[in-house]
Amino acid sequence: MPIPALPVRFEGGDSLSIDLHMHSTASDGALSPTGLVALCRDRGLTHIALTDHDTMDGVGEAVQAGEASGLAVLPATELSTQWRGINLHVVGLLPEGARGALAEGLVAQADAREKRAVTIAARLEKIGLDDALARAREQAGSERPLGRPDFARALVAAGLVPDVGTAFAKHLGNGKAGDVKALWPHLREGVRWIVESGGIAVLAHPLRHKLTRRKRGLLLDDFGAAGGRAAELISGFQNADVTRDLARQLQERDLLASLGSDFHFPGGHLSPGSMSPLPRTAVAPVWTHPRLAAWIDRAAPAA
Ligand code: AMP
Ligand code: MN
Ligand code: MN
Ligand code: MN
């Protein structure tokens, strides 16, 4: 089967075989890295990045599974950072893996996650979730670092909220008791780790933070000044008018466009590769960056 070439510009209406934002059991995803790669292959994807939260522990397995099935797997991670009191995510696309400051940074992130979980647990105990840490660990089902989704599911299991969405809306989302972000590095620090590791820093899902257009512009300015080179023009499904507006903001700042589903688990509204169509835009795809050239060429037909 010939591998569909990735376009060097967005003409509009493209159906692409690339997804640069997905999770596995190394963080809060449901599929193992191998299982995720198999699903991506079944869905016709040729190029993917595994972007687990603050860890690259699943990358080795995913790369190996990709090599076995002719799918180009790009080492990556999604760093938790903070900017002006908001918890922001930065995807690092890392063709050379994690080195130096990033390798140390990932150790610090794991430690921060552990400390954060203790704080979140204490706060949720105040609203009636006894033994919150143990319950979240039970939901995680493994020793991987805990995330807020584990606490959300623990709240649901204890009957304190009807569903995960309500758990975030009432207790874990932005500004709520369980939103503990003081332990994360500043946005510019996360970007620096990625750049010094030979990677490309991508601002994840910039439309998900409900920022005004002006504040989103300030964020993109700061991100670019810190060394960030791209933002996710498409993250899952989003409004087409807002997408075009974001494209204008990227173009004005000479930022590249990345895209991804932010897939976490099967059975939801998202699958690997599922996302809104790209608009016709002059913003260049992130895969035209020279640092990704060797990786882009790696996909080969399955033997
Ligand atoms: P953490 O990495 O521990 O800060 O948790 C953030 C993760 O929680 C995100 O990556 C999503 O997977 C999940 N999440 C955030 N908001 C919601 C929401 N409203 N409903 C369900 N899951 C969410
Ligand atoms: Mn997540
Ligand atoms: Mn994210
Ligand atoms: Mn994500």
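Structure report, in brief. All values derive from a computational prediction rather than experimental measurement.

A short note on the coordination of the manganese ion (ligand 4)
Right, on to step 1. In this structure, His21 (NE2), His23 (NE2), Glu78 (OE) and Asp262 (OD) serve as the protein donors to the manganese ion (ligand 4), at separations of 2.1 to 2.3 Å.
Right, on to step 2. The metal-metal distance between the manganese ion (ligand 4) and the manganese ion (ligand 2) is 4.6 Å. Of this pair, His21 sits in the loop between strand S2 (18-19) and helix H1 (33-42) while Glu78 sits in strand S4 (residues 72-83); the two residues are 57 residues apart in sequence, bridging distant segments of the chain. Residues His21 and Glu78 agree in their burial class; the two are buried.

Observations concerning the site of ligand 1
Right, on to step 1. The environment of ligand 1 is formed by Asp28, His53, Arg113, Arg116, Gly147, Arg148, Pro149, Val164, Phe168 and His264.
Right, on to step 2. Interatomic distance of 2.9 Å between a side-chain N/O atom of Arg113 and an oxygen atom of ligand 1.
Right, on to step 3. The fraction of the free accessible surface of ligand 1 (500 Å²) that becomes covered by protein chains is 71%.
Right, on to step 4. Looking at the shell around ligand 1, the elements that each hand over two or more residues are helix H3 (100-126), helix H5 (148-157) and helix H6 (164-172).
Right, on to step 5. For the shell around ligand 1, the class distribution of residues is three nonpolar, three polar and four charged.

Observations concerning the sheet that holds S4
Right, on to step 1. Taken together, seven strands build an open sheet; the order of strands is S2-S3-S4-S5-S6-S7-S8 and the sheet is mixed. Two strands in the sheet have a free side with no partner beyond their single neighbour: S2 and strand S8 (256-260).
Right, on to step 2. Sheet analysis places S4 next to strand S5 (residues 86-93), joined by eight bridges and oriented antiparallel. If you follow Ala76 over to S5, its bridge partner there is Leu93.

Section: the pairing of strand S6 (residues 200-203)
Residues in a regular strand point their side chains to alternate faces of the sheet.
Right, on to step 1. What you see with S6 is no split at all: Ile200 and Val202 on one side and Ala201 and Leu203 on the other are buried throughout.
Right, on to step 2. Bridge analysis of S5 against S6 gives four bridges, and the strand direction is antiparallel. From the neighbouring strand, Val91 faces S6, where its bridge partner is Val202.
Right, on to step 3. In terms of strand pairing, S6 meets strand S7 (residues 230-235) through two bridges, oriented parallel.

Describing helix H2 (residues 59-69)
An α-helical turn contains 3.6 residues, so any two residues separated by three or four positions project in the same direction.
Right, on to step 1. Within H2 the residues assigned to the buried category are Val59, Ala62, Val63, Ala65, Gly66 and Ser69. Projected down its long axis, H2 shows its buried positions confined to an angular sector of 165°, all on one face. In H2, those exposed residues whose orientation departs by more than 90 degrees from the buried face are Gln64, Glu67 and Ala68.
Right, on to step 2. Contact partners of the buried residues in H2: H1, strand S3 (47-50) and S4.
Right, on to step 3. Gly70 sits one or two residues past H2 and shows a positive phi near 75°.

Overview of the coordination of the manganese ion (ligand 2)
Right, on to step 1. Surrounding the manganese ion (ligand 2) are the protein donor atoms Asp28 (OD), His53 (NE2) and His264 (NE2), at 2.1 to 2.2 Å.
Right, on to step 2. As a motif over one chain, the donors of the manganese ion (ligand 2) read D-x24-H-x210-H.
Right, on to step 3. Between the manganese ion (ligand 2) and the manganese ion (ligand 3), the interatomic distance is 5.7 Å. Highlighted residues: His53 in the loop between S3 and H2 and His264 in the loop between S8 and strand S9 (280-281), separated in sequence by 211 residues.
Right, on to step 4. Assessed through its relative accessible area of 12%, His53 is described here as buried.

Structural notes on the environment of Arg192
Right, on to step 1. Inspection of the secondary structure puts Arg192 in helix H7 (residues 187-196).
Right, on to step 2. Taking the relative accessible area as the measure of exposure, Arg192 reaches 34% and is therefore partly exposed.

Definitions and limits used
- Residues numbered from 1 in each chain as written.
- Chains lettered and ligands numbered in written order.
- Predicted model: local features only at pLDDT ≥ 70, side-chain atom pairs only at ≥ 80, totals over all residues.
- Heavy atoms only, no water.
- Donors = N, O, S within 2.8 Å, 3.2 Å for Na, K, Ca; no water.
- Helix = DSSP H or I, 4+ residues; strand = E, 2+ residues; numbered from the N terminus.
- Buried < 20%, exposed > 50% of the residue type's maximum accessible area, 1.4 Å probe, protein only.
- Near = heavy atom within 4 Å.
- Polar contact = N/O pair within 3.5 Å; in protein donor to acceptor, adjacent residues only side chain to side chain.
- Areas by Shrake-Rupley, 256 points an atom, 1.4 Å probe, with all protein chains shown as cover.
- Nonpolar A, V, L, I, M, F, W, Y, C, P; charged D, E, K, R; others polar.
- Pairing = 2+ DSSP bridges.
- Arc of directions from axis to C-beta.
- Contact = heavy atoms within 4.5 Å.

Scope: geometric values only; no functional claims are made or implied.
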